[in-house]
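# Examining the three-dimensional arrangement
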Amino acid sequence: MELKNKKLEDELFNSIRQDVLLQWSTGNDVDFDEAVAYHKEIPKHKVFSDKLIEAKEQGNTLIQPRAGVALVDKHIELLNYLVNEGEADLLPTTIDSYTRHNRYHEAEEGINESRKAGRSLLNGFPAVNHGISLCRKVNESVNVPVQVRHGTPDARLLTEVTIAGGFTSYEGGGISYNIPYSKNIPLDKTIYDWQYVDRLIGKYEEAGITINREPFGPLTGTLVPPCISHSVAIIESLLAAEQGVKNITVGYGQCGNLIQDIAAIRTLESLTEEYLHKFGYEDVVVTTVLHQWMGGFPQDESKAFGVISWGAATAALAGATKVIVKTPHEAMGVPTKEANASGIKATKQLVTMLRDQQMVSISDLKLEKDMIMAETRCIVDKTLELGDGDLAEGTIRAFQAGVIDIPFAPSRQNAGKVFPARDNTGAVRFLECAHLPFTQDIKSYHHDKMKERADYEKRDMSFQMVIDDIYAIGKGKLVGRPR
Ligand SMILES: CC[C@H]1O[C@@H](n2cnc3c(N)ncnc32)[C@H](O)[C@@H]1O
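Residues numbered from 1 in each chain as written. Predicted model: local features only at pLDDT ≥ 70, side-chain atom pairs only at ≥ 80, totals over all residues. Heavy atoms only, no water.

Moving on, we get to helix α12 (residues 258-278). Taking 1.5 Å of rise per residue, 21 residues should cover 30 Å, and α12 covers 30 Å from first to last C-alpha, within 8% of that figure. For α12, the tally of buried residues reaches 15 of 21 residues, placing the bulk of the element in the interior. Directly beyond the C-terminal end of α12, a positive phi value near 85 degrees is found at Gly 280. (Helix = DSSP H or I, 4+ residues; strand = E, 2+ residues; numbered from the N terminus. Expected span 1.5 Å × (residues − 1). Buried < 20%, exposed > 50% of the residue type's maximum accessible area, 1.4 Å probe, protein only.)

Right, let's get into the nonpolar core. Leu 91, Tyr 204, Ile 228 and Phe 438 are the most contacted members of the largest nonpolar core, which has 135 residues in total. When residues of this core are sorted by domain, at least three fall in each of domain 1 (10-353) and domain 2 (417-483). Look past the residues within four positions of Ile 228 in its chain and what remains in contact with it is Leu 219, Ile 379, Asp 405, Ile 406, Pro 407, Phe 430 and Leu 436. (Core = buried A, V, L, I, M, F, W, Y, C linked by side-chain atoms within 4.5 Å. Domains from an automatic or database assignment. Contact = heavy atoms within 4.5 Å.)

This part covers the packing of aromatic side chains. One pass over the structure, following the stated rule, counts 10 aromatic pairs. Judged by centre distance (4.5 Å) and plane angle (15 degrees), the rings of Phe 13 and Tyr 196 are stacked. Highlighted residues: Phe 13 in helix α1 (residues 10-20) and Tyr 196 in helix α10 (residues 187-206), separated in sequence by 183 residues. Considered together, Phe 13 and Tyr 196 belong to a single accessibility category, that of buried residues. Residues Phe 419 and Phe 463 carry aromatic rings whose centres are separated by 4.9 Å and whose planes lie at 80 degrees to one another, so their mutual orientation is edge-to-face. A residue pair is termed long-range when its members are at least 10 positions apart, and Phe 419 in strand β9 (residues 419-422) and Phe 463 in helix α18 (residues 463-472) qualify at 44 residues. Given the relative accessible area of 27%, Phe 419 is considered partly exposed. Residue classification places Phe 463 among the partly exposed residues on the basis of a relative accessible area of 38%. The side chain of Lys 203 reaches across the aromatic face of Phe 13, ending 5.1 Å from its centre. (Phe/Tyr/Trp six-rings, centres within 6.5 Å; stacked < 30°, edge-to-face > 60°. Lys NZ or Arg CZ within 6 Å of the ring centre and 35° of its normal.)

So, about the site of the ligand. Near the ligand the following residues occur: Arg 66, Ala 67, Gly 68, Thr 94, Asn 123, Met 294, Lys 326, Glu 330, Val 334 and Pro 335. Separating a nitrogen atom of the ligand from a backbone N or O atom of Gly 68 is a distance of 3.0 Å. In this structure, a nitrogen atom belonging to the ligand sits 3.0 Å away from a main-chain N or O atom of Asn 123. Partitioned by chemical class, the residues of the shell around the ligand number four nonpolar, three polar and three charged. (Near = heavy atom within 4 Å. Polar contact = N/O pair within 3.5 Å; in protein donor to acceptor, adjacent residues only side chain to side chain. Nonpolar A, V, L, I, M, F, W, Y, C, P; charged D, E, K, R; others polar.)

Okay, the packing of helix α2 (residues 32-40) against α10 next. Two measures define how a pair of helices packs: the angle their axes make with one another and the distance between the axes. Closest axis-to-axis distance for the α2/α10 pair is 10 Å, and the angle between their directions is 60 degrees. It follows that α2 is oblique to α10 by the angle criterion. Every pair of crossing elements has a handedness; the one defined by α2 and α10 is right-handed. From α2, Phe 32, Ala 35, Val 36 and His 39 reach across to α10, where they touch Leu 200, Lys 203 and Tyr 204. Looking at the contact of α2 with α10, its residues break down into five nonpolar, one polar and one charged. (Axes fitted to C-alpha atoms, helices over the stretch in contact; angles between N-to-C directions. Parallel < 35°, antiparallel > 145°, perpendicular 65-115°, else oblique. Left-handed = near helix turned anticlockwise from the far one by under 90°.)

Attention now goes to the domain arrangement of the protein chain. The accessible area lost on association of the parts is a frequent measure of interface size. Domain parsing of the protein chain yields domain 1 (10-353) and domain 2 (417-483). Taken together, the contact between domain 1 and domain 2 spans 14 residues of the former and 16 residues of the latter. Together, Leu 223, Asn 257 and Gln 260 form the three largest contributors to the area buried by domain 1 at its contact with domain 2, with a combined 41%. Linking domain 1 to domain 2 there are zero salt bridges. Our count for the contact surface shared by domain 1 and domain 2 stands at three residue pairs in polar contact (both at pLDDT 80 or more). Grouping the constituent residues of the side of domain 1 that touches domain 2 by class yields nine nonpolar, five polar and no charged. (Buried area = accessible area lost by both parts, 1.4 Å probe. Salt bridge = Lys/Arg side-chain N within 4 Å of Asp/Glu carboxyl O.)

Next up on the list: the packing of helix α15 (residues 363-386) against helix α17 (residues 440-457). Where α15 meets α17, the closest approach of the two axes is 11 Å, and the angle between their N-to-C directions is 130 degrees. Judged by the inter-axis angle, α15 sits oblique to α17. Judged by the sense of rotation from one axis to the other, the crossing of α15 with α17 is left-handed. Two secondary-structure elements touch here, α15 through Leu 367, Glu 368, Met 371, Ala 374, Glu 375 and Cys 378 and α17 through Ile 442, Tyr 445 and His 446.

Once that is clear, we can look at the UniProt feature "binding site: adenosylcob(III)alamin" (unreviewed entry) in the protein chain. In the numbering used here, UniProt assigns the feature "binding site: adenosylcob(III)alamin" (unreviewed entry) to Gly 68, Asn 123, Pro 180, Phe 297, Lys 326 and Glu 330. Tracing the backbone through its elements, the reader meets Pro 180 in the loop between β4 (169-171) and α10. Given the relative accessible area of 14%, Pro 180 is considered buried. Excluding its chain neighbours within four sequence positions, the residues that come into contact with Pro 180 are Ile 175, Leu 219, Thr 220 and Pro 410. As for its position among the elements, Glu 330 is in the loop between β8 (322-324) and α14 (337-353). Within the structure, Glu 330 has its side chain in polar contact with the side chain of Lys 326 (distance 3.3 Å). (UniProt positions renumbered as here; feature names shortened; annotations may be inferred.)

The feature "binding site: L-glutamate" (unreviewed entry), as given by UniProt, occupies Arg 66, Arg 100, Arg 149, His 150, Glu 171, Tyr 177 and Tyr 181 in the numbering adopted here. The residue Arg 100 is located in helix α5 (residues 97-100) in this model. Of the residues examined, Arg 100 reaches a relative accessible area of 16% and is grouped as buried. Among all residues touching Arg 100, those that are not within four sequence positions of it are Thr 94, Ile 95, Arg 149, His 150, Gly 151, Thr 152, Pro 153 and Tyr 181. Among the polar contacts made by the side chain of Arg 100, one reaches the main-chain carbonyl oxygen of Ile 95 at a distance of 2.8 Å. Within the secondary structure, His 150 sits in the loop between β3 (146-149) and α9 (156-164). Excluding its chain neighbours within four sequence positions, the residues that come into contact with His 150 are Ile 95, Arg 100, Ala 155, Leu 158, Tyr 170, Glu 171, Tyr 177, Tyr 181 and Trp 194.

This is the structure:
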């Protein structure tokens, strides 16, 4: 496998495709030309990219939950409940864990066991096993666009089946679905496999069908500084654009400090566009998504609603195109449809109330944006430099050198030497920068912010702050104060 950030040639793509479609029986039903013709009949209001573009033009923040169950009819019932009762603007189909690891035999057993039990024994929708026609039944049975959400390092067959199955948006990427999700899958393998995914989406685009792509923004979802998640989002956007993707939603996991989160969303959009234009991808539409707090949640449902509402308010004030909603069952597991709908409705209330208030630019916001842009440029530009002009090679070397280092990632491909913690206002800073290629000014900025907190709390800067911050929101706080 030779990894280069170059559009896959048809001959190579087609030879890979023959193997991919044999991975499960439903792959045999994929017929690209037939699928293109099917997509051409999908009404505009059910096309994910169209709805995102309209929201961006109108300055609206669309609301989308996560949701997925084992059986088709139950999944359809769930999705319609989340629209009719929950008022969701966009729908997901969250894929189950077996499918995410290509374990289709176990997914098949899960379907059979769920039928016997009369309830979902899978933690998501096993789209590959259901196949194209049942995926189409899902999409034809709801009246808003539906996106495939998952965490699949090798998502090639899942893409083939679900896009042919009528889904019009697809989440994930070769970095964002590897490093936070797996123990030791080689990064060059997942970047290569996701080049296939993006090349397939590019082929649909060239046939006149726009499929929205969304790199997974939050990564480990725990105190990930904006510059780290931005760098991965920008790299995955560039890799996707090279394969012909034209509609990209870049994402960010809410950290909790309003100024930092608003600065993060706004710089994410501007930096992604800046790098796409820098490399000649002028016609890619960029939108943003804020994920409501992805870390530990309060068990108490009322407190959970507080966290959900803060995420809703942040998304609205940041002007995010979309917000991914949490539920009051987050601390327990897969939510009931009622709990899922209630999280959406609470979010809708905040987003609607705040529709006419965008956060005005104030000096703190400008400083935060400037810092995020400087930090992100340090990382992305060093990554490009390491690749001697090839971004894919540069990414591999950046992870090896700790130039990109995702906090708390399980993967051994990741250095794991960077430690974030909150400053005295709750903004996420670097307690330990390790090998991140920052200027001394940037390092001093973070050090001073952490020193400010240490002085206020009358304790030394230490890893204990990291631990306290990880549990803080679950305990009803933002900054993990010592008592
Ligand atoms: C990325 C992790 C997030 O996805 C959520 N999640 C995972 N599977 C499902 C599911 N099947 N239904 C609803 N939410 C889900 C989980 O609760 C967590 O908030």
